[in-house]
Each structure stands twice: as structure tokens, then as C-alpha cells.
Amino acid sequence: MITRTKYNPKEIESKWQTQWETAQLYHAPDNSPKTKFYNLVMLPYPSGDLHMGHWFNYACGDAYGRMKRMQGYNVMQPIGFDAFGLPAENAAIKHGVQAYTWTMANIANMRKQLRQMGAQWDWQREVVSCQPDYYKWTQWLFLQFYKHGLAYRTKALANWCPGCNTTLANEQVLADGTCERCGSVVIRKEIDQWLLKISAYAEELLQFEGIEWPEKTVTMQRNWIGRSEGAEIRFFTEIESQRQEIPVFTTRPDTIYGVTFFVLAPEHPWVERITTPEYREAVDAYVEQARRMSEIERMSTEKEKTGVFTGGYVTNPVNGEQVPVWISDYVLMSYGAGAVMGVPAHDQRDFAFARKFGLPIREVIRPEGEEASDPATWPAAKEALGVMVNSGSFDGTPGDESIARVIRYVEDKGIGKFMITYRLRDWLISRQRYWGAPIPIIYCPKDGMVPVPEDQLPVWLPENVQFKSTGESPLRYEPEFLNTTCPVCGGPATREADTMDTFIDSSWYYLRYADPHNSEQAWSPEKLQEWLPVDQYIGGVEHAIMHLLYSRFFIKALRDMGHVNFSEPFLRLFHQGMVLGSDGQKMSKSRGNVEAPDKYLEKYGADTIRGYMMFIGPFEAGGSFKAENVEGIWRFLNRIWSLVNDAWVEGNVRTEETAESKAIERLRNKTIKRVSEDLSNFHFNTALAALMECNNALIKQQNQPVARSAAYRRTLETMMQLLAPIAPHITEELWHLTGHSESIHLSSWPEYDEALTKDESFTLVVQVNGKVRERFEVDADISEAEVRKLVLNNPKVMSFIGDATVQKVIYIPGRLANVVVRKA
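These numbers were taken from a predicted model, which means no experiment stands behind them.

Side note on the overall build of the protein chain
Of the regular secondary structure elements, the protein chain holds 26 helices and 31 strands. For the protein chain, the C-alpha atoms occupy an extent of roughly 105 × 90 × 50 Å along the three principal directions. By the burial criterion, 57% of the 824 residues in the protein chain qualify as buried. Considering only contacts within the protein chain whose residues lie at least 6 apart along the sequence, 72% involve residues at least 24 apart. Here the protein chain displays about 35500 Å² of accessible surface, and carbon together with sulfur accounts for 49% of that area. Between the centroid of the 90 positive side chains of the protein chain and the centroid of its 105 negative side chains there is a distance of 4 Å.

Written as C-alpha cells, this is what we have:
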């Protein structure tokens, strides 16, 4: 028996959060006899404040993890902060504070906010990527990649963001050619840069066996990797009386006889050598113009084709024809060999280029059954496979044999070979900024490039630096950081002043959670084997190409180095949708529609916000935040509070079984099944709907004798357990008020009897010639013969049949019977 009280979320949430943390209720112990379950949401950037989007992501992920804990798993649900990066550095410059100070102050505030959420974070496993005890191991990982030939330095063209004053990986340039961080137009700039050889894993990264990922994400990664099969064919030219070969990759070697021009990327090393003096000025000007354009802009199919003739020629090795060499910005050094054989009849870009500059168009592929026609009359290139024509000895070769036959020919002649290429380029990780993990490399005048010895890690990032108005990295002007001694000869040397792309930090953080306080290793093999890979990963689809692709690369490379024994980081992946403002638009400060949780927390408490965010729409779709609708969840929780208080206010419980108590028991089993299935599939909104239906059914019985029954109380207890993952505080309070000493979050997830989830009866809808004429209750296991008998003996049904002839009775089990009649 309990004393009726009023629901006070502010009081009970603070109380239980303190008690949970004191008891370390959510710490996942190592070496537990329970089956491990690693439940992870993508770690936040410490911007300083949580918004409703964070609550949507983290509260839903937490509800899933809480259910798994109650199902008997040893759930590890850690949290940390992806703390390096440009926002902190830009804030330091803008506000005159140090990046470290700004970052750590934000982290302190976000820790408080994350605790208010009431999630089962394992705070003992927290990692902060800007702390030396973390980036020491980021640097150690870089050295492992360097040692195994997967990290290298080169001088080459890179994506340069003038707004951020740093290089960008291809994946960080948006489709419109702008920086994904600041929106500046990205240009191409030659610079010394460090890269990781992700291209070495291109083929394996195309494989997704053994993991459960959204098909959309799988498709995005496969398209980004961009596997192409074809042939490398070596065209040649004479330079200074010597034969020089220029390889070109093509996916359509069957069109080799249709080459009427040859195009080099403006930055191709052969441009300088093949350009004749009379075209030098025009070529140089075009090359300079192309340098100022991003790859995305150059690749646009909508951009008008431009180009310049070099004055040079190459020879087609198949037919000996001399074809003119042009340069054009639609050809990229990052694809194939930076050269394209122009086949305008059968490639649309080549077609547009040839039309613009008056170059020949020669048909060499013709669809089956089509007559010859003049390419000058074609509205577009004919890109489909077909019979080879105007192709010497290959004439008449059908489309299904042509590519393979030409490849065999060029291989036999020694002028080409079968080849597979990938769109994926190596990952550029150098950043000419300050706030990131220093690259552990030393430059010695005597010994050259020397890796920092592992026992000298970390290379400390100074916390107090002077920023330049130009935006240059202050590390270049910090003598104490820059000047060092060579590990080989002991002489004076300098450090690498570039820092690492922050995606390096997030490519391995989930490994550190398994062993976050290890000062001797990045992780112990035993703990890694116990916890990894991640069982459930939750985060936005916007990370499909960068973070998720890079993490997969890291694991595969570390596996081959012998540091991990698995091949995929995340076994199951789920993408949450986006929370929109009340105006239906993406939340942003400029629109003034950003909703912070603070005022709602003060009024309603965390459980109401958690419940509302789970109720706004499907987790994968998201929805609009509408402040007026929060009240609905608040009323729902208050009704549960009152219902439980009323049910336990009297001590006596009736144990006898009645028809009403049996119905309540069926309701309990049905609700367990629905909520269990919904939560398992991230259908949080429908799980809540099922709980609301159960609650409403119990309220209707509140003043009936069955409300004093054991079945009624048992159903209320079950409802508390099913609601616990969604609203952890109110359910914990009610659980203890009703006499339980152990936490509800340590109780066992309710199980259901499949037989009791079936209805004993259902409402049979009876139609006559498709029109509804009657409804009545029948047993759930009624046979078709019994349905026919009941229907045809029902007076109301028979009044609609009259003297018509019954042709047949169509029965849809569990739903309706349609009597088909023909009038006499």
C-alpha cells in the first residue's frame, strides 16, 4: 500500500540520476558472464549545447540499449567527445580564447546536459579526442600506417579551402564545389601533403557481407569507390626523336577505332612536353584557369565544355592514326591516368567537346538492326553497346563479345592490358591548422624524414598559441613546438607543422572505449576481443561517405597489421531522421527555429522530452518539433502515475480469475509483444502508441472490480517495465513506490505467451454483394463452414438476401464474409 502523491519530475529525476551514478548502475564490467552488447551512438562535437536533434538521436539510442540490458545483456553504452577541429579554432580566433579552454568549457556544459537526459552512459569509459591520453594513440596509429606503407607524403594538387586555410579530402568537398565546413569555393593548389592509402582497400571496401547496414548507405559507398573495368591502352608520340608512351584507361575499348582526338588533364605532366611553341601561351593560361576550379565543378555535366589545342599529336596504336592532343578541364588527373581518348560518337562528353571545336565524329558501334547514318545529324552520342563497324578486322563483332575481344587483342600486341580502376582516391589527412593531433614526423637536414619514436609520444600540442590574422597555423611560428632534435643523429631538426584531419580521431574512438584508461597500449587485445565489433551503431546518414568509410578502412588495415581480429567495425547500423523546426524546415539559427531542451526540461522533465522526441515520427524519418504537442506526452505520464498510485493505494488484491482478469492478461501479453517488436526495430513511436492503448484500457477498468485483481496489478507492473527504456525516471520511482527494492532497469524484460496474444473473438463483418449489412462477434478459431452457417441463418442478413439465389459465400479469415447473390 502506498500514499498517493503528485508526479514531480524535477525532484525524482535529479534523485535517480544521482543514485544511478553513485551505484555505477550503467557501468559495463569487463569479463561479465552475460553476453556483451556494444550499443553506440556517434560521439558529439562539443559545440556547447545540446539541441532537440541530439535528444532525438541519443534518447532513442538509449531506449534501445536499455531494453537490451533488461533482456539480459551486458550493455556497454559509452560516450565521449570528438573535440578537435575548425569550430574550436575559429571560436578561439573570434573570441580571443584558447581552443583548449573553449573546448573543455563546452564539454563540461554538455556533460551536464547529457546527464540530465537520464541516459545509461558509461561515464567511466569517456574519451576526449583533444586530450593527450587520447591523441597519443592517434599518433601511434599514424606511425603504424607509416610503418606498413599506408601513410605517405607527396607534393601534388590538393583541394584547398581559402576560407578555412587548409586542404580538404575529396569527401569534404560538396557537390557544388564548396567546402562542407564553411561554404567557400574550393580551388586546386599544389602542396606537400600526407595521405593514407585507402585506395589499397578499394576492392574490399566494396564488400558488405556479414553486416546489417541500410542499402542506401551501402550504395553511396559503392558509388563513391566507383569500380570500373576496362583496358589501359598505350598511345604514343615522338618527342626529341624518342618514342614516348601515354597510357589511357577506358571502359569502352571496343570504341578504339572511333578515337578522333586525345585529351589531357590540364595538370598532366605531359602537357609541358607535348605543347608546341605556337600554342604555349594559350595552354599556360588555360592551365592556370583550371587550377582555380574544384574537381566537382570540372566534372559537372551541365558545364559548357572548354579546351585548348596543344599543337601536339599522339598515335592510336590500333590503327596508326595521328590524333590531335587537347587539354580540357573535364579530364581529371584523379581518374585513369589523367588522359581521355576522345570517341565523340559514343561518349556524350566527347560528343559535346567535338561539336564545340569542330572535331570529327566517327561511328564505330551500331545497334543491332540499325542502318548506317551520318553522325553529323545525331542529336547525341550513341553510348550503348552494339555491333562494331568501321573497325578493321573487328567489323561485325557483336556487342556482347566486343570489349573482351579488343582487350585480348591489345594484350596480344603488347599495347595494352585489362585493368580495374576506382574513383576512390587516397585520403588526404594533412591540415594546415592548429587544433588537431600533430603528425609525429621530424625533418632532419641529415637523415631526412624520421618518424617520432613510439616511446616519445605524444607529440604535445601546445595549449597556448598566438593566432595569425592570415589564418595560418600558429604551429609554424611556435619555436618550442617546431624545433626539436633528430631521433637518429641527435642533431637539430624540425617537426611537421601540419595536424591530422579530425576524421582520423573518429575513425578509431570506438576501439578506445573498450580500454579507455590504458596508458601502455591503445587497447589491450583481450578487452578488444571481448567488446568489439560494435553491435549496434546509430548516427546520421550524412556520415555515410566520410566517417563510416574511413572507419571501415581503419579496421581492415589494422587487421592486416595484426592489431585487431575482425574486419568490420559496426555490425548493425541505423540512421536516424532529422528533427525539423515547427515550421517544417531544418533547424538553424538563421531561421530562428532551433529548439533547445532547457525550458522544456524545467517545465516537463526529461522523461516527457524523451517520450515526445520518440513520438514525433518514425526514427528513420524524423519529424517536426511542435511545442504544443509536448503536452500530450506529459498528460500520458501523469495518467500512468495516477493509475499506479490508485491501484496500490489499497492493500488487498483479488486473486480469483474472472473473465475480466483474463481479458486484462491478454492485453498484457499483446502489449509485451507489440512493444518488444517495435523497440527491437526502432519503431519507438508505435511502441509508445501500444503503451498508450494499454494505459487507456486500464483506465476504463479503473473503477471496476477487476482493478483490484492481481492481473490488473501485474499488467501495470509490466507496463512500467515496457515504458522504462523510454521514460527511465518515472518508471524507476513507481517501481520502488510499489514495493520493489532493485532498480527496474535491472529487472528482466517481460516475456509473453504467444497463445495469449491471439484474440478469443473478433467482429465478423458481413457483406451482401459487397455492401456491409451486419456485424457480430464470433470465436477467433471459427471454421469457414461455421461462418457460412451463422451468416445464412442470421435474420438481418437474410432480410437483405430475400428471394435472391446465394451463389457463394466468400470468407476472409478473421475479417469478413461476403455473400454473393443473384436476383431471381
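Now that the structure has been shown, we can carry on.
Considering the sheet that holds strand β19 (residues 441-444)
Pairing is antiparallel in the open sheet, where four strands are placed in the order β20-β19-β22-β21. Both edges of this open sheet fall to β20 (448-451) and β21 (483-485), since each of them pairs with a single strand only. With strand direction ignored, the average angle separating the axes of adjacent strands in the sheet is 40 degrees. As defined by bridge partners, β19 adjoins β20 across four bridges and the pair is classed as antiparallel. Each bridged residue has a counterpart across the sheet, and for tyrosine 443 the counterpart in β20 is methionine 449.

Overview of the pattern of salt bridges
Counted according to the given criterion, the structure contains 39 salt bridges. Between glutamate 321 and arginine 362 there is a salt bridge, with its nearest N and O atoms 3.2 Å apart. Highlighted residues: glutamate 321 in the loop between β11 (308-315) and β12 (322-327) and arginine 362 in the loop between α11 (348-357) and β14 (365-366), separated in sequence by 41 residues. Here glutamate 321 falls in the partly exposed class, since its relative accessible area comes to 29%. The exposure class of arginine 362 is partly exposed, given its relative accessible area of 26%.

Some points on unusual backbone geometry
The general pattern is negative phi for most residues beyond glycine and trans for most peptide bonds. That bond from leucine 457 to proline 458 is cis: its omega, 5 degrees, falls within 30 degrees of zero. That bond from leucine 532 to proline 533 is cis: its omega, 0 degrees, falls within 30 degrees of zero. Its identity as a non-glycine residue notwithstanding, glutamine 24 has a phi of 50 degrees, on the positive side. With respect to the helices, strands and loops of the structure, glutamine 24 is situated in the loop between α1 (9-22) and β1 (36-41). Assessed through its relative accessible area of 37%, glutamine 24 is described here as partly exposed. Unlike most non-glycine residues, asparagine 31 shows phi in positive territory, near 60 degrees. Inspection of the secondary structure assignment puts asparagine 31 in the loop between α1 and β1. Note on asparagine 31: relative accessible area 69%, which makes it exposed.

A short note on the pairing of β12
Counting buried positions along β12 yields five of six residues, so the element is predominantly enclosed. As paired strands, strand β10 (residues 261-264) and β12 are joined by three bridges and run parallel to one another. Counterpart to phenylalanine 262 in the pairing with β12 is valine 325. As judged from the five bridges shared by β11 and β12, these two strands associate in the antiparallel manner. In the strand pairing of β12, valine 308 is matched with isoleucine 327. Once β11 ends, the chain turns through six residues before running back antiparallel as β12, passing glycine 320 with a positive phi of about 75 degrees.

Brief notes about helix α2 (residues 52-70)
With 19 residues, α2 ought to run about 27 Å at 1.5 Å a step, and its terminal C-alpha atoms sit 26 Å apart, in line with that. Of all 19 residues making up α2, 18 are buried, and the element is well covered by its neighbours. Once α2 finishes, glycine 72 follows within two positions and takes phi at roughly 105 degrees, a positive value.

Examining the sheet that holds strand β17 (residues 427-428)
The four strands are arranged β6-β5-β7-β17 in an open sheet whose pairing can be described as antiparallel. Both outer strands of the open sheet, β6 (166-168) and β17, are each paired with one neighbouring strand and no more. Strand direction decides the pairing type here: strand β5 (residues 151-161) and β6, joined by three bridges, are antiparallel. Bridge pairing in β6 links cysteine 161 to threonine 166.

Remarks on the domain arrangement of the protein chain
Here the protein chain is partitioned into domain 1 (141-222 + 427-502), domain 2 (227-422) and domain 3 (761-822). Between domain 1 and domain 2, the contact holds 13 residues from the first and nine residues from the second. Together domain 1 and domain 2 conceal approximately 1000 Å² of surface at their shared face, both sides included; 54% is due to carbon and sulfur atoms. On the domain 1 side of the interface with domain 2, the three residues burying the most area are Leu157, Arg188 and Glu203, jointly 45% of the side's total.

As for the side chain of asparagine 39
Along the polypeptide, asparagine 39 turns up in strand β1. A polar side-chain atom of asparagine 39 sits 3.1 Å from the main-chain carbonyl oxygen of glycine 61. In this view, asparagine 39 contacts Gly61, Tyr64, Gly65, Val75, Met76, Gln77, Pro78, Gln536 and Ile538; residues no more than four positions away in its chain are not counted.

Observations regarding the state of the cysteines
A full pass over the atoms with the stated rule returns zero disulfides. Of the cysteine sulfurs around cysteine 489, a residue in no disulfide, the closest is that of cysteine 444, at 3.7 Å.

Description of the packing of aromatic side chains
Inspection of every chain in the model, using the stated rule, returns 51 aromatic pairs. Each ring, one from phenylalanine 353 and one from phenylalanine 357, has its centre 4.8 Å from the other, and the planes form 50 degrees; the classification is tilted. Taken together, the residues span about one helical turn, with phenylalanine 353 and phenylalanine 357 both in helix α11 at a distance of four residues. The class for phenylalanine 357 is partly exposed, based on a relative accessible area of 26%. Its guanidinium or amino end placed over the ring of phenylalanine 208, arginine 552 lies 4.1 Å from that ring's centre, counting from NZ or CZ. Between arginine 552 and the ring centre of tryptophan 213, over which it is positioned, the NZ or CZ distance is 5.8 Å.

What counts and how
Residues numbered from 1 in each chain as written. Predicted model: local features only at pLDDT ≥ 70, side-chain atom pairs only at ≥ 80, totals over all residues. Heavy atoms only, no water. Helix = DSSP H or I, 4+ residues; strand = E, 2+ residues; numbered from the N terminus. Buried < 20%, exposed > 50% of the residue type's maximum accessible area, 1.4 Å probe, protein only. Contact = heavy atoms within 4.5 Å. Areas by Shrake-Rupley, 256 points an atom, 1.4 Å probe, with all protein chains shown as cover. Lys, Arg positive; Asp, Glu negative; His and termini not counted. Charge placed at Lys NZ, Arg CZ, Asp CG, Glu CD. Pairing = 2+ DSSP bridges. Axes fitted to C-alpha atoms, helices over the stretch in contact; angles between N-to-C directions. Salt bridge = Lys/Arg side-chain N within 4 Å of Asp/Glu carboxyl O. Expected span 1.5 Å × (residues − 1). Domains from an automatic or database assignment. Buried area = accessible area lost by both parts, 1.4 Å probe. Polar contact = N/O pair within 3.5 Å; in protein donor to acceptor, adjacent residues only side chain to side chain. Disulfide = S-S within 2.5 Å. Phe/Tyr/Trp six-rings, centres within 6.5 Å; stacked < 30°, edge-to-face > 60°. Lys NZ or Arg CZ within 6 Å of the ring centre and 35° of its normal.

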